[in-house]
Amino acid sequence: MSKQRVIIIGSGMGGLSCGVVLAKNGYDVTIFEQGAQIGGCLQCFSRRGARFETGMHFIGSAAKGQTLDRILQYFEIKKDIQLAPLDRDGYDVICLDGNRYRFANGREAFIEQMVSYFPHQWEQLNRYFDLVESVAGASSLHSLRNAESDVAINTEFQLRSINEVINSVITDPLLAKVLVGSLPLYAAEKDKTPFSTHAFIMDFYNQSAYRIVGGSDKIAASMTHTIEKYGGRVLPNRKVTKIICDETHAIGVEINGSEFVPADYIISDAHPMRTLELIDSKLIRPAFRNRINAIPQTVGAFSIYLEFKEDTVPYQNYNFYGYNEGTPWDCENYDEQSWPKGYLYMHFCQESQPRYAKTGVILSYMHMKEVEPWHGTKIGHRGTDYEAFKQQKAEKLLASVEQQFPHLRDHIKHYYTSTPLTYQDYTGTEGGGMYGVARDIHLGNACRVPHRTKIPNVLQTGQNINSHGILGVTVGTIVTCSELLTAERIYQQIIETKDL
């Protein structure tokens, strides 16, 4: 009996992980990637011999036996990558009004550290952490269980905002701000983003936090090897230009505007709006297109990629979140005068125990409307006015960072910049949003993207289906692949995977 043919559109974490799961379970998998480089947000790039991370800057819950560790084993990645732990006493550093607050790994250590700053909040911090752990534990996201153990908890905290829940248990207003200090990791918005999103991220990184030595593109390369080991293919420079359907289902895809490739199933790792653009079929009704096209997107980012002069900048074994207006909230609501309201500053880990940093990155929010004059232009061909715009932004952002890291510019050999336009070009995400669709408690299911489309054998995967990040995307992969297998079967395989 011949294998069933699965075509996967896009080689981001969602596409590659679906490829691994299905190839390991006997499907004939082909992944088509439109770009020359595979990986989506797992891509790295080099300039003048300096190496930079673009998306997966650090990961969590990867210590031996923890959830991501088990998943890395199952994907057969772990043997090919080296992880460098961040500082367990302060993997994240939050800076508000010039004061620094460190996030320590582990519940007890985290609370103890916070109590050193806020002595009268011990009881409140324990209540806060009870909520974080109950929400994370109620979902398959962090527990590797097929069924959610407490749907009521999960539902409640998907409908209550982060700030509303935290303010209900934390009585010190400053502590309430510190606890959301890492919100650029998920582009949270006040009164909109559900507490469940915060709880998953906090639990994920609080267990353990690591950088990937040499860059996260090693994950993409390793997953490709796993797919090929089980008979699959990952093919770059092959753009899917159409999903071709008959009256009842999809029959295959068109590649580069000409070649037809038949398929039994098609899984798209592209942004849902990009996926629908590939389909001209009455099976997709206008109401469905309109709903997907109306879903709000997360804010974009302006990035400065820093190459440092040799042996001048000590390697920072933590992530630094700086805020200029005394709060992590509302940094996405800025004007030309107030930008940047905040930033995230990180170093690249080029070796297992670096003494000095060779490269780093600074990220700050930026809306696509700021670069609208250059919409439709191509990378490297946007003109001198675009380059001048980016330089002006870079200098302003560097000046903000230098308030906490004096004379940083003196140690920079070269820097490079990117905008939401760059991100949109490389990932296809709508509006250059950092994390795809935005969660909004007021919209409920209206801002949720289903893994099923209205075409029975066309499925979706990636950060928009469940959640972004390596663990969120993997859970989305399990949901998508359960249409061909079962979630129970996949979870069981992960649990039974032996340490390689």
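Computed from a predicted structure; not experimentally measured. (Residues numbered from 1 in each chain as written. Predicted model: local features only at pLDDT ≥ 70, side-chain atom pairs only at ≥ 80, totals over all residues. Heavy atoms only, no water.)

**Overview of the overall build of the protein**
Note the threshold: In this description a helix means any DSSP run of H or I spanning at least four residues, a strand means any run of E spanning at least two, and both kinds are numbered starting from the N terminus. With a 1.4 Å probe rolled over the protein chains alone, any residue whose accessible area is under 20% of its type maximum counts as buried; one over 50% counts as exposed, and the rest are partly exposed. Residues are treated as being in contact if the distance between any of their heavy atoms lies within 4.5 Å. Values of accessible area rely on a 1.4 Å probe in the Shrake-Rupley scheme; residue burial ignores everything except the protein chains shown. Under the convention used here, Asp and Glu are negative, Lys and Arg are positive, and both His and the chain ends fall outside the count. Charged groups are reduced to one reference atom each: NZ for lysine, CZ for arginine, CG for aspartic acid, CD for glutamic acid.
If you tally the helices and strands in the protein, you get 16 helices and 20 strands. Based on the C-alpha atoms only, the size of the protein along its principal axes is roughly 65 × 55 × 45 Å. The buried share among the 500 residues of the protein stands at 59%. In the protein, the proportion of contacts linking residues at least 24 apart, taken out of those at least 6 apart, comes to 72%. Only carbon and sulfur atoms are counted for the fraction: they give 49% of the accessible area of the protein, which is about 20400 Å². Computed over 50 positive and 56 negative side-chain charges, the inter-centroid distance for the protein is 4 Å.

**Comments concerning helix H15 (residues 469-481)**
Put simply, the rule is: To estimate the expected span of a helix, subtract one from its residue number and multiply by 1.5 Å.
In this model, H15 (13 residues) spans 18 Å end to end at C-alpha, consistent with the 18 Å of a helix rising 1.5 Å per residue. Across the 13 residues of H15, eleven count as buried, placing the element largely inside the fold. Every buried residue of H15 is listed here: Ile470, Leu471, Gly472, Val473, Thr474, Val475, Gly476, Thr477, Ile478, Thr480 and Cys481.

**Digging into the pairing of strand E18 (residues 359-366)**
Our working definition: Each pair of strands is called paired provided DSSP finds at least two bridges between the two strands.
Taken across its eight residues, E18 has eight buried, putting it largely inside the fold. Sheet analysis places strand E15 (residues 300-308) next to E18, joined by eight bridges and oriented antiparallel. By the bridge assignment, Ile304 is partnered in E18 with Ile362. Pairing analysis gives four bridges linking strand E17 (residues 342-347) to E18, with the strands arranged antiparallel. From the neighbouring strand, Tyr345 faces E18, where its bridge partner is Ile362.

**Focus on the sheet that holds E17**
Operational definition: Here an angle of 0 to 180 degrees is reported between the N-to-C directions of two axes, which are lines fitted to C-alpha atoms, with helices fitted over the stretch in contact.
The seven strands lie next to each other as E8-E7-E16-E17-E18-E15-E19, forming an open sheet whose pairing is mixed. At either margin of the open sheet sits one strand with a lone partner, and together these are strand E8 (99-103) and strand E19 (412-418). Averaged over neighbouring strand pairs, the angle between their axes works out to 20° when direction is ignored. Sitting on the sheet, helix H13 (residues 384-401) is in contact with E15, E17, E18 and E19, with an inclination near 75° to E15.

**As for the sheet that holds strand E9 (residues 209-212)**
In space, the three strands of this open sheet follow the order E5-E9-E6, with antiparallel pairing throughout. The sheet terminates laterally at strand E5 (59-60) and strand E6 (83-85), the two strands that pair on one side only. The sheet contact formed by E5 and E9 spans two bridges and is antiparallel. For Ile59, the partnering residue across the bridge sits in E9 and is Tyr210.

**So, the packing of aromatic side chains**
Our working rule: Any two of the Phe, Tyr and Trp rings considered here, Trp counted by its six-membered ring, make a pair once their centres fall within 6.5 Å; the pair's planes then place it as stacked at under 30 degrees, edge-to-face at over 60, or tilted in between. A ring has a charge above it when a Lys NZ or an Arg CZ is no more than 6 Å from the ring centre and no more than 35 degrees off the ring normal.
Here the structure, examined in full by the defined rule, presents 21 aromatic pairs. Pairing Phe52 with Tyr305 gives two aromatic rings, centres 5.9 Å apart and planes at 70°, and the pair type is edge-to-face. Remark: Tyr305 occurs in strand E15 and Phe52 occurs in strand E4 (residues 50-53); sequence separation between them is 253 residues. Each member of the pair, Phe52 together with Tyr305, is buried. Ring plane angle 40° and centroid distance 5.8 Å describe the contact between Tyr74 and Phe75, whose orientation is recorded as tilted. For the pair Tyr74 and Phe75, a shared accessibility class is recorded, and that class is buried. If you follow Arg100 out to its NZ or CZ, it ends over the ring of Phe405, 5.2 Å from the centre.

**What to know about the pairing of strand E7 (residues 92-96)**
Of all five residues in E7, five are buried; the element is thus mostly enclosed. The side-chain alternation of E7 yields two buried faces, one formed by Asp92, Ile94 and Leu96 and the other by Val93 and Cys95. Joining the antiparallel neighbours E7 and E8 is a turn of two residues, in which Asp97 adopts a positive phi near 50°. Across five bridges, the pairing between E7 and strand E16 (residues 319-323) is parallel. Its bridge partner being in E16, Val93 is matched across the sheet by Phe320.

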